[in-house]
Every structure is written in structure tokens, then in C-alpha cells.
Amino acid sequence: LEKGMYIANIIFLIFAAVIVILLFGADSEAGWKMFICVVIGLVAGMAIGKGTEFFTSFDYGPTISIKDRARTGPATVIIQGMGVGMVSTILPTLILVAAIVACNEL
């Protein structure tokens, strides 16, 4: 799955570069700025995907911590799940803010 994502992103970047050259010309500064925004968006999407995998996979701590709360009853599972869910929104929010600010600065 991970290799497929990287290969698809590389193919997408190649086609995006070709489209930028066809639409704006190879010397267009505005076209290449848009291409850099596309690259920033792809990197941000991959980072958000990795963060989502961390918070939802059984191989990592957040999901294991929810599972471990099941020993004390259903209420602690709900509380831990809500806590982990709230914390898991921080990473995508910060990544999106960084991507938006980076593209805006170009």
C-alpha cells in the first residue's frame, strides 16, 4: 500500500509538471508556483495519511491504549476513545495550516 502511494504520487507529479508546461509554458513563474503548491499538497496528504494510520492502527499506542481500558469497563473505553479522537485531530489541523500558509507565501 505504501509503495503504491509513492508510485502514484510520482506519476501524478510527472503529469502535473507536464500540464504546467503545456498550460503556462516552461518559463512561467506562476505555473511553477502552482506546481510547488501541488507538491506541498501531496506531501501534506501523505503526512495526514501517516498520522491517521498511527492513530487508527492496532500496531501503535493510541489504539492499544483504548483496548487496554476495556479491562475496567465500557465507560473508560468511551472516555479513552474520545480523548484519543480529540488528540488525533491536532496533527491534520497543523499540517493543513502549514500547507495553506506555505502555499500562500509563494
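In this report, the structure presented in the accompanying data block is examined. Worth saying up front: this structure is predicted, and the values here are computed from it rather than measured.

Basis of the calculations
- Per chain, the residues get numbers from 1 upward, laid out in the order the sequence is written.
- A pLDDT threshold of at least 70 governs which residues receive local features in this predicted model, and a stricter bar of 80 or more applies before side-chain atom pairs are shown or counted, although totals over entire chains, interfaces and linings include all residues.
- Here the side-chain values reflect all heavy atoms present in the structure, with hydrogen atoms and water set aside.
- A run of H or I in DSSP becomes a helix once it reaches four residues, and a run of E becomes a strand once it reaches two; helices and strands are each numbered from the N terminus.
- The contact criterion used throughout is that any non-hydrogen atoms of two residues lie within 4.5 Å.
- When the centres of two rings from Phe, Tyr and Trp lie within 6.5 Å, Trp using its six-membered ring, the rings pair. Their planes under 30 degrees apart give stacked, over 60 give edge-to-face, and anything left gives tilted.
- Three exposure classes are used, based on accessible area relative to the maximum for each residue type with a 1.4 Å probe and protein chains only: buried under 20%, partly exposed in between, and exposed over 50%.

**With respect to the side chain of Ser65**
Position of Ser65 relative to the elements: it lies in helix α3 (residues 61-68). When sequence neighbours within four positions are dropped, the list of residues in contact with Ser65 reads Gln80 and Val84.

**What about the packing of aromatic side chains?**
Here the structure, examined in full by the defined rule, presents three aromatic pairs. A ring pair is formed by Phe54 and Phe55, whose centres lie 5.2 Å apart and whose planes are at 80 degrees; its orientation type is edge-to-face. By relative accessible area, which is 35% here, Phe54 ends up partly exposed. Among the aromatic residues, ring-to-ring pairing joins Phe54, Phe55 and Tyr60 into one connected group.

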